[in-house]
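# Reading the structure
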Amino acid sequence: MRVPLSWLREYVDLPATETGRDVQAKLISAGLEVETVEPLGADLKGPLVVGQVLTIEELTEFKKPIRFCTVAVGTANGTGEPQEIVCGARNFAVGDKVVVVLPGAVLPGNFAIAARKTYGKTSHGMICSGDELGMGDDGSGGIIVLPPEVEVGTDAIELLQLVDEVLDIAVTPDRGYALSMRGVARETAIAYGLPLRDPALLDVPAPNAFGYPVQVSDPMGCDRFTARTVTGLDPDAQSPIWLRRRLQKAGMRPISLAVDITNYVMLELGQPLHAYDRGRVQGTIGVRRAEQGEKLTTLDGVKRTLNAEDLVITDDRGPIGLAGVMGGANTEIDDTEGTTTEVVVEAAHFDAISIARTARRHKLASEASKRFERGVDPQAASAAAQRTVDLLVLLAGGTADAGVTEVITPSAPHTITIPANHPDKVAGVDYGRETVVRRLQQVGCDVYGQDELIVTVPSWRPDLTDPNDLAEEVIRLEGYENLPSTLPKPPAGLGLTDRQRLHRRAGRALAGAGYVESPNYPFMGEQVLDQFGLADDDPNRKVVKLVNPLSDEEPALRTTLLPGLLQALRRNDGRGSHDLALFETGLVFHPRAELRIAGRLPVDRRPTDEEIASLTAALPVQPRHAAVVLAGAREQAGWWGKGRPADWADAIEAARILAREAGTELLVRSGQYGPWHPGRCAELSVVVDGTRRVVGHAGELHPRVLKALGLPARTCAMELDLDALEEASSGHPKGPKISTFPVATQDVALVVDKAVPHADVEAALREGAGELLESIRLFDEYESEQLGGDRKSLAYALRFRADDRTLTVDEASAARDAAVALATERTGAVLRGA
């Protein structure tokens, strides 16, 4: 909303010394977003006067038409003689009054004017257009032609109101009243503590039976419709200079007198209006929902197909306007032929949601729809219609018809009950009842009561719906800058939960292992699950869909972290970073078996444990996962030796890192799942209450998945459930015991069937070796025809150490033999070479 300061002063008696910057500071303090203050004419310097064209000589010897004019400027040039001026414009004639800038003046943009020779003549000044004076588009597209009654020699700077300041306010959706001079003036009056001259306080005649017939078929969509008629208009009447200039300063283009007046009243009172050519309206004006597929050509010349939810204005022929958005071309006031002498003025109040949806559906944002969808004062419709009628009578010589039509759906004013000390509690400041009542009354509320206030909200503030809205009004008017800055006092004994600690340790461990964290949005499209090759009954295919997603391509919450990570890997690889190791820790989402509706928690007290539990039960299941993706080189080549590409073993090691941080043992065995290569996929599991539980997978991705997603060859990935790791852990990780006694190393090679997993053999060796075993490591896997086609050899290095003594050879050998014996019993392993 652009607010000229000169216009604002009509409603509030601001001190003469107050500048636009001063008003800006006051309004910002009151909560309005005043983005800029634009000084108009700050660099303009006269003489700039009204002149009358005396003669025009056409110079035809040049490539484009040029005119040599003599213009009377009175005594402004110091001689009283006609001023000789060369001009290329064609939209003026002999006898016209124009704006003339004389030598010595400076136009906007620091454009100095001096006498100069051009086209074989000497031009002593310029005949000006609106653009050259910084006025913007006035619709004429050329030289400013003034009304004939303006006197020659008049100062054009004052006449055209070229010097002013304009405040540009970014109006938030909850403050629709600020899209009017009336609303901004009210805020200004409150900020300065001055009285307001409300432009809506007009004497309006009572409705009667003689007004233009109106039929409202949808009272929910239109709860108020006022119609007034003005006859005997002068079709040649033009908008006066002051009206055109105010529209231009407010950012609107003058069009014709009737349209300019409706736009002016809309800017003044915030009530959109529409004027119909009465001679082109046939029968009763109606308001109804459109029929599906109905057609309407709007004022912008576009033929639109209407939706059944659109609210339309009709006559006996059908739709003549898109209610609250734009009028129809078939009842347009014709300003080109000048035949309109009677108009019907519409001032109505439409449902905000309906207008917003219609404007978006037809991609047709207008000044009217912008106001209706933010909330318009329904009580201002009659005053706006009266103001429009008064201006038409004054400026166009019309006669106001005695008939007044008002169709009103009765509604009670909105009241709110609020404790008098509620704003004090919200702000932490002792305002007191007197201040609270005074501020609410300044906003326009009617307030009754003592300790418990009953507040009737003004009709122009539909955003005030509950006690916290009223508290905000008190706080903002008392000044946000006056709120004390106090740090919250956290209760003692609270800290991170075990889940949060594991989450942080996991991130630090992966970062320390050379991975780069890559957080992603928690949204995905279900088509990626097809690209992953998941089975139809896979649990990850059951997704939680968003009602209003940010992107139609990703309407669901993720059930796996891999889509976002792989997309980040592809994007970085496409931009030249080929050696990548990325990780993410975050929530995934699974729907509950029973769908529940979340309740609304209170804001005036802390929710009870039962209310929080009920809300939690309505949310999706949200386990925390960790995932990594790798591509390119894991170890770079250099003078130190050859590099090494990332492979499936690195993905498995990332899972082991996380298991160590959780203080649990991770079981790794061959598996097959979704996007992983069936021969290079490890199944990751833990033991919870004696039961093995699969918590994730790691390995190399399937070539088919790589092709579908556009990923580099041999890309590897790992994903596991951090919450399951925490559940399987034995508590907080403990630091290792450091022994000063030497280690005893025993190697053992066992021959087993190929189908026996290494994890089963290692688990048996670990259990059989007992407490003396410090670590076990598989360092070799061997297959040959000598062992048999279905057999393999696994070689392990076992490290034994005691905390209190040096182990003897016999003790280490006995522990090794016990480990081998249990492995033989459980897996059928035999010592190689035995």
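See the structure printed just above.
What you see as residue numbers is a count from 1 along each chain, following the sequence as written. Whole-chain, interface and lining totals are the exception, using all residues; otherwise, since this is a predicted model, local features are given only for residues with pLDDT of at least 70 and side-chain atom pairs are given and counted only at 80 or more. Only hydrogens and water are removed before side-chain values are computed, so all heavy atoms of the structure are retained for them.

### With respect to the sheet that holds strand 13 (residues 164–170)
Basically, it comes down to this: When DSSP locates at least two bridges between a pair of strands, those strands are taken to pair. Secondary structure elements are defined from DSSP: runs of H or I of at least 4 residues count as helices, runs of E of at least 2 residues count as strands, and each element is numbered from the N terminus. Angles here are taken between N-to-C directions and fall from 0 to 180 degrees, while the axes themselves are lines fitted to C-alpha atoms, restricted in helices to the stretch in contact. In this description, contact between two residues means that some pair of their heavy atoms is separated by no more than 4.5 Å.
Strand order in the open sheet formed by three strands is 1-13-2, and the pairing between neighbours is antiparallel. Two strands bound the open sheet, and with one partner strand each, they are strand 1 (2–4) and strand 2 (33–40). Recorded for the sheet is a direction-independent mean angle of 25° between the axes of neighbouring strands. In terms of strand pairing, strand 2 meets strand 13 through seven bridges, oriented antiparallel. Directly across from Val37, in strand 13, lies its bridge partner Leu167. Docked against the sheet, helix 2 (residues 20–29) engages strand 2 and strand 13, running at close to 170° with respect to strand 2.

### Some thoughts on the side chain of Gln83
Using the following cut-off: Throughout this description, a polar contact denotes any pair of N or O atoms lying within 3.5 Å of each other; where both atoms belong to protein, one of them has to be capable of donating a hydrogen while the other can accept it, and for residues adjacent in sequence the pair is counted only when both atoms sit in side chains.
For Gln83, the position within the fold is in strand 5 (residues 83–87). Among the polar contacts made by the side chain of Gln83, one reaches the side chain of Asn77 at a distance of 2.8 Å. Here the side chain of Gln83 touches His124 through a polar contact of 3.0 Å, landing on its backbone oxygen.

### Some words on helix 20 (residues 758–769)
Put simply, the rule is: Helix span, expected: 1.5 Å multiplied by one less than the number of residues in the helix. Burial status follows relative accessibility: with a 1.4 Å probe on protein chains alone, a residue under 20% of its type maximum counts as buried, one over 50% as exposed, and anything between as partly exposed.
Given a rise of 1.5 Å per residue, 12 residues ought to cover 16 Å, and the 16 Å separating the end C-alpha atoms of helix 20 matches this to within 8%. All of the buried residues in helix 20 are His758, Ala759, Val761, Glu762, Ala764, Leu765, Gly768 and Ala769. Buried residues along helix 20 sit in contact with strand 35 (667–670), strand 39 (744–753), strand 40 (773–782), strand 41 (791–800) and helix 21 (809–827). Immediately downstream of helix 20, the backbone of Gly770 shows phi near 80°, a positive value.

### Some thoughts on the environment of Pro173
The residue Pro173 is located in the loop between strand 13 and helix 4 (181–192) in this model. Note: C-alpha distance between Pro173 and Gly479 (306 residues apart in sequence) is 21 Å.

### Overview of the packing of aromatic side chains
Heads up, the condition is: To pair, rings of Phe, Tyr and Trp, with the six-membered ring standing in for Trp, must have centres within 6.5 Å; the planes then decide the type, stacked if under 30 degrees apart, edge-to-face if over 60, and tilted in the middle.
Taken as a whole and assessed by the stated rule, the structure comprises seven aromatic pairs. Seen from their ring centres, Phe62 and Tyr119 are 4.9 Å apart, and the 80° between their planes marks the pair as edge-to-face. Placement of the pair is Phe62 in the loop between strand 3 (48–59) and strand 4 (66–72) and Tyr119 in the loop between strand 9 (116–118) and strand 10 (121–123), with a sequence separation of 57 residues. Judged by its relative accessible area of 28%, Phe62 is partly exposed.

### With respect to the nonpolar core
Convention followed: In this text, buried Ala, Val, Leu, Ile, Met, Phe, Trp, Tyr and Cys residues form a nonpolar core when linked through side-chain atoms within 4.5 Å.
Counting 53 residues, the largest nonpolar core has Val3, Leu8, Val23, Leu27, Val265 and Leu392 as the members making the most contacts within it. With sequence-adjacent residues up to four places away left out, Leu27 is seen in contact with Leu32, Val34, Leu167, Ile169, Val184, Glu187 and Thr188. Listed in part, the 32 residues of the second largest apolar core include Ile652, Leu658, Leu666 and Val695.

### Focus on the pattern of salt bridges
In plain terms, the rule: We count a salt bridge whenever a side-chain nitrogen from Lys or Arg sits within 4 Å of a carboxyl oxygen from Asp or Glu.
In the structure shown here, the tally under the stated rule is 57 salt bridges. Notably, a salt bridge pairs Glu342 with Arg278, separated by 3.9 Å at the nearest N-O pair. One end of the pair, Glu342, is in the loop between strand 22 (326–327) and strand 23 (343–350); the other, Arg278, is in the loop between strand 16 (274–277) and strand 17 (285–289), with 64 residues separating them in the sequence. Glu342 gets classed as partly exposed once you look at its relative accessible area, which sits at 31%. Arg278 sits in the partly exposed class, given a relative accessible area of 28%. Salt-bridge contacts for Glu294 lead to Arg288; the nearest nitrogen and oxygen are separated by 2.9 Å. Classification of Glu294 by relative accessible area gives buried; the value is 15%. A cluster of three or more residues bridged by salt bridges with shared partners is formed by Arg175, Glu187, Arg461, Asp463, Glu472, Glu473 and Arg476.

Structural measurements only, silent on function.
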